[in-house]
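Coordinate inspection notes
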Amino acid sequence: MEEKSLKERTAGGMLWGGMSNGLMQLIGAVFGLVLLRYLTPEDYGKVAMLNIFAALASALQESGFIAALCNRKEPTHEEYNAVFWFNLLVSASLYIILWFCAPLIADFYGDDDLIPLARVLFLGFLFSGLGTVQRAYLFGHLKVKQTSICSLTAMLVSSVIGVVMAVKDFASWAIVTQAVTFVLITQIMAWFFSPWRPTARFNLAPAWKMFGFSVKLMLTNIVNICNLHAFSVLLGKCFNEHAAGVFSQAKGWNDKATSTINGMVTSVAQPTLAQVTDDLGRYRQVFRKMLRFICFVSFPAMLGLGLVAQEFILLAGGEKWCESGLILSLLCIHGAFVPITTLYSNLTISRGRSDVNMGCTVGQCLAVWGGLYLLYRLYPDSMIPMVIYFVVLNIAWLVIWQWFAWRLTGLTFVEALKDIMPFLVFTLAVLGVTWWLTCGFANLWLLLISRVLIAAALYAGIMWLSGAKIMRETIHYFIK
């Protein structure tokens, strides 16, 4: 009965996580298409250059406590309360510091318009500090449905506000207001669904007891943010706002697609793996099943998007965004493997080895920044070599993650390849046939639609005829 309960809760969590992120990205995509028509690469570039500072502040504010609370079997009210006041104190302090640092950030990029934009954008992590514990409670109790409702409501309301402001010619302010509104509404909804409430007793001792574990996660998040935002900083500083905006738009569409799949992983992986950590055989079984499901979904979705990226960008945003098409195609290759990396990261955390998670991420970030800087010196007029390096390195780094997984759980390279390679090979074969069948089409709409339909039909047919167990189980769960 326990096995059935865990299996159903995990499947339900992945279903709700996938549906939630899928609907969120669909809403974001619909409104994003409108924004593309009214905003320019320069508008997106201004905000892209600031995002790293807001993201770093959010990581410092959260301090890894969501995962730390989840890893505890039964967190007490005192622990929740200590984390709440700690996060509130840190977020307020960080906002004050960054408010005064806004002119320095503007000087770094050479654009005084960034000062007011930064001070408003940074309100997002200040609001986030008010709901960290509520989100931790929902996450730790696998309340994925409630978390999904929070995110969907916030996405819908903030997107409407962003589009209205874009139509009214507020330019970059539309993007900033949308981002801040999303965070604020998410926290309000989390308070509505979470039964936990803080008390006035100010005792940070329980938080300090967890800090040894959480600080490694915090540092890991910081390094990961530096890794993901490396391009935005480099392009904004060394190129211009146009280049930063072109890359930001390609990255944004890639992130929308990746988040749909990645949301399934983040919503259930760590809580589920933490529940079976005492039984290593069962642990590997659960992990491998998650890995197969991720590959089954991620490879055709992300690599398929890469196949139609150029047509999609031209149809969605027009010629002014044509430079984003090739970059999106390349980023989708990386995006296909992002959920796998996330799953491996959750493996190290659920095993209580936040130090391993941090070390692996730090090494990856150093390799990214070092390589990007070297390639910029070699090819100062093009970002394409840097994008290719970024994609290849992040995929190759999975070998490092797998090595740590073997050391921590006994999962061998051969076992991992058996779970990954069939789905990758089938996907590449399907996309190759699809490209060959449609390469002569000239009309963009016909090319886009035909490639999507042909690839989907071929992949589903191959999976069914090959007897892929994960596909049959997924269909059975949906029917049930």
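Read on for a plain summary of the structure.

**As for the overall build of the chain**
A count of helices and strands for the chain gives 21 helices and zero strands. Among the 480 residues that make up the chain, the fraction classed as buried is 54%. Considering only contacts in the chain between residues 6 or more positions apart, those separated by 24 or more positions represent 84%.

**Description of helix 20 (residues 444-465)**
With 22 residues, helix 20 ought to run about 32 Å at 1.5 Å a step, and its terminal C-alpha atoms sit 31 Å apart, in line with that. Looking at helix 20, one finds that the buried residues are Leu447, Leu448, Ser450, Arg451, Ala455, Tyr459 and Met463. Of the residues one or two after helix 20, Gly467 is the one with positive phi, at around 75°.

**Structural notes on the nonpolar core**
Across soluble globular proteins, you tend to see nonpolar side chains buried next to one another. Ranked by size, the top nonpolar core spans 111 residues in total, and within it Phe299, Ile340 and Tyr344 carry the most contacts. Here the element with the most residues in this core is helix 13 (residues 280-307); it accounts for 14 residues. Apart from the residues within four sequence positions on either side, Ile340 is in contact with Leu291, Ile294, Cys295, Phe299 and Leu398. Ala82, Phe84, Tyr137 and Leu138 belong to the second-largest nonpolar core, a separate cluster that totals eleven residues.

**Thoughts on the packing of helix 19 (residues 413-438) against helix 20**
Axis angle and axis distance: for two packed helices, these are the angle between their axes and the distance between the axes, and together they describe the pair. Packing of helix 19 against helix 20 leaves a shortest axis separation of 9 Å and a crossing angle of 140°. Two packed elements cross with a definite hand, and for helix 19 against helix 20 that hand is right-handed. Of helix 20, the residues touching helix 19 (which contributes Phe423, Phe426, Thr427, Val430, Leu431, Val433, Thr434, Trp435, Leu437 and Thr438) are Leu447, Ser450, Arg451, Ile454, Ala455, Leu458, Tyr459, Ile462 and Met463. Across the contact of helix 19 with helix 20, the residue classes break down as 14 nonpolar, four polar and one charged.

**Focus: the packing of aromatic side chains**
For any two aromatic rings, the description comes down to two numbers: the centre-to-centre distance and the angle of the planes. In total, this model carries 13 aromatic pairs according to the counting rule given. Ring geometry for Phe84 and Trp191: centres 6.1 Å apart, planes at 75°, overall edge-to-face. Taken together, the positions of Phe84 in helix 4 (residues 77-109) and Trp191 in helix 9 (residues 172-193) put the pair 107 residues apart, joining distant regions of the chain. What makes Phe84 buried here is its relative accessible area of 5%. Given the relative accessible area of 24%, Trp191 is considered partly exposed. Among the aromatic residues, those joined into a ring-pair cluster are Phe84, Trp85, Trp191 and Trp196. The ring of Trp99 carries Arg119 above its face, with NZ or CZ at 3.7 Å from the centroid.

Calculation rules
Residues numbered from 1 in each chain as written. Predicted model: local features only at pLDDT ≥ 70, side-chain atom pairs only at ≥ 80, totals over all residues. Heavy atoms only, no water. Helix = DSSP H or I, 4+ residues; strand = E, 2+ residues; numbered from the N terminus. Buried < 20%, exposed > 50% of the residue type's maximum accessible area, 1.4 Å probe, protein only. Contact = heavy atoms within 4.5 Å. Expected span 1.5 Å × (residues − 1). Core = buried A, V, L, I, M, F, W, Y, C linked by side-chain atoms within 4.5 Å. Axes fitted to C-alpha atoms, helices over the stretch in contact; angles between N-to-C directions. Left-handed = near helix turned anticlockwise from the far one by under 90°. Nonpolar A, V, L, I, M, F, W, Y, C, P; charged D, E, K, R; others polar. Phe/Tyr/Trp six-rings, centres within 6.5 Å; stacked < 30°, edge-to-face > 60°. Lys NZ or Arg CZ within 6 Å of the ring centre and 35° of its normal.

Purely geometric numbers; function is a separate question.
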